[in-house]
Amino acid sequence: MFDSITDQNQAVSRLMSMIRHGFVPHALLFSGLDGVGKSTTARAMAMALNCRASEASGSVGTTGQPVTQAGEGSCPCRSCRKIMAGTHPDILTVVPSGGLIKIAQIRDLCSKLLVKPLEASMRVVIIHDTHTMNQESGNALLKMLEEPPEKTMFILITDQASDVLPTILSRCQTVMFTPIPAESIRSRLVSVKGMDAERADVITCLAGGSLGKAMALCDERQNRPDPLVFRRYLFAEFEGLLKGGLFDALSFAEKLSRKKETALNALETTLSFIRDLTVFPFDRDRVLNRDIADRLENLSGRFSTDSLLHMADRVLSAHQGIKANASVRLCLETMAIQMKRI
């Protein structure tokens, strides 16, 4: 169940310990980058709490719930198969609608929780992108977290715990998920995708610690530009922003604002450029974008470390604004103008 989760030993060990000892809290918050295994782990947790194979063996924790031998491979029992297929009636999921988790979704969830679980030993509610809840929907969920229904636990998933409403955060135990090591991502790209080493290095850099993003970047079925070509194009635009005038700054913003996902990816890649410009004078071997090291060298002496850190702050602010559903173009234009003033 947990054995398919890559490089999250600390998080997985903590969860397995909870299950084995029968002390599972009613609400967990999984926090970490997209694509590092949070959703997969939430599903594994639901399977472990409801595995019928462990019931047959008589392995039961102190809460009276079955304790699976988590981590020992996939389970053929009916409950686990249904959870894997997404058809289990007592494993409920909530995902943002139109970029937000709305109060109507939480009210619908609460009405479902008034009924006892149909077949699960422990009903599990998985709420994705918890940080997209506004005050209204958050307050509606809070009432359920304060008085959770019997045999029900919540798993809330977010990129960053600090973005979750404090009242929700205080009712959960947080489990941190770390970025996937670059070597693990690179190895997976070479061994699973059959990618050559140079291309794997570039994809690994673009992924920024997210295995899910790395796999998406090399998925030919996705309607997206070639990541290597896009990165070189983006660096040329970034150079134009730094060297040009106000018109170049606004042009940079306009070109990237046409699609939200593209804008977010571009900002994450731009952060890697700024990071490389910062470390280049001190340790060239630590540069991530090694195939454009000569171009980075030409820019690295133009800006002080303080200036580059201020640039990084502007990029992060724009990224956060866009993820919070602010105007993509306004966020990018504000960022570009502020960077020109540094």
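Residues numbered from 1 in each chain as written. Predicted model: local features only at pLDDT ≥ 70, side-chain atom pairs only at ≥ 80, totals over all residues. Heavy atoms only, no water.

Peer 1: Got a minute to help me understand the packing of helix 11 (residues 227-243) against helix 14 (residues 293-300) in this structure?
Peer 2: For any two helices packed against each other, one specifies the inter-axial angle together with the distance between the axes. Direction vectors running N to C along helix 11 and helix 14 enclose 10 degrees, while the axes themselves pass 12 Å from each other. Comparing their axes, helix 14 and helix 11 come out roughly parallel. Contact residues: helix 11 offers Arg 232, Phe 235, Ala 236, Glu 239, Leu 242 and Lys 243, while helix 14 offers Arg 295, Leu 296 and Leu 299. (Axes fitted to C-alpha atoms, helices over the stretch in contact; angles between N-to-C directions. Helix = DSSP H or I, 4+ residues; strand = E, 2+ residues; numbered from the N terminus. Parallel < 35°, antiparallel > 145°, perpendicular 65-115°, else oblique. Contact = heavy atoms within 4.5 Å.)

Peer 1: Explain unusual backbone geometry here, please?
Peer 2: Both trends apply: most residues other than glycine have a negative phi, and most peptide bonds are in trans. Here Asp 7, not a glycine, exhibits a phi torsion of approximately 55 degrees, which is positive. Positive phi outside glycine occurs at Asp 129, with the angle close to 50 degrees. Within the secondary structure, Asp 129 is located in the loop between strand 3 (123-127) and helix 6 (135-146). Using a relative accessible area of 26% as the deciding quantity, one classes Asp 129 as partly exposed. (Buried < 20%, exposed > 50% of the residue type's maximum accessible area, 1.4 Å probe, protein only.)

Peer 1: Honestly, the packing of helix 15 (residues 305-323) against helix 16 (residues 328-340) in this entry has me stumped. Any pointers?
Peer 2: The interhelical angle for the contact between helix 15 and helix 16, taken along N-to-C directions, is 170 degrees, at an axis separation of 9 Å. Here helix 15 lies roughly antiparallel to helix 16, going by the angle between them. For the pair formed by helix 15 and helix 16, the contact residues are Met 311, Arg 314, Val 315, Ala 318, Gly 321 and Ile 322 on the first element and Val 328, Cys 331, Leu 332, Met 335, Gln 338 and Met 339 on the second. Split into classes, the residues belonging to the contact of helix 15 with helix 16 amount to nine nonpolar, two polar and one charged. (Nonpolar A, V, L, I, M, F, W, Y, C, P; charged D, E, K, R; others polar.)

Peer 1: Honestly, the nonpolar core in this entry has me stumped. Any pointers?
Peer 2: The tendency in soluble globular proteins is for nonpolar side chains to be buried as a group. Ranked by internal contacts, the top residues of the largest apolar core, which has 47 residues, are Met 1, Phe 2, Phe 30, Val 124, Ile 155 and Leu 189. Considering each element in turn, this core owes the most residues, seven residues, to helix 2 (residues 38-50). Phe 230, Ala 263, Phe 273 and Val 279 belong to the second-largest nonpolar core, a separate cluster that totals 37 residues. (Core = buried A, V, L, I, M, F, W, Y, C linked by side-chain atoms within 4.5 Å.)

Peer 1: I tried to follow the side chain of Asn 50 on my own but got confused; where do I start?
Peer 2: Position of Asn 50 relative to the elements: it lies in helix 2. Here Asn 50 falls in the buried class, since its relative accessible area comes to 0%. A distance of 2.9 Å separates the side chain of Asn 50 from the backbone oxygen of Ala 46, its partner in a polar contact. Setting aside chain neighbours within four positions, we find Asn 50 in contact with Ser 79, Ile 83, Ile 91, Ala 120, Ser 121, Met 122 and Val 124. (Polar contact = N/O pair within 3.5 Å; in protein donor to acceptor, adjacent residues only side chain to side chain.)

Peer 1: I would appreciate a short explanation of the packing of aromatic side chains in the present structure.
Peer 2: The geometry of an aromatic ring pair is captured by two quantities: the separation of the ring centres and the angle between the planes. Throughout the structure, instances matching the rule amount to five aromatic pairs. Centroid distance Phe 30 to Phe 177: 5.1 Å. Interplanar angle 50 degrees. Geometry classified as tilted. Highlighted residues: Phe 30 in strand 1 (residues 27-31) and Phe 177 in the loop between strand 5 (173-176) and helix 8 (182-191), separated in sequence by 147 residues. Under the relative-accessibility criterion, Phe 177 is labelled buried at 3%. Geometrically, the ring pair formed by Phe 238 and Phe 273 is tilted, given 5.8 Å between the ring centres and 35 degrees between the ring planes. Here Phe 238 is found in helix 11, whereas its partner Phe 273 is found in helix 13 (residues 260-279), with 35 residues between them in sequence. Within the aromatic cluster, the residues linked to one another by ring pairs are Phe 235, Phe 238 and Phe 273. (Phe/Tyr/Trp six-rings, centres within 6.5 Å; stacked < 30°, edge-to-face > 60°.)

These figures come from the coordinates and say nothing about function on their own.
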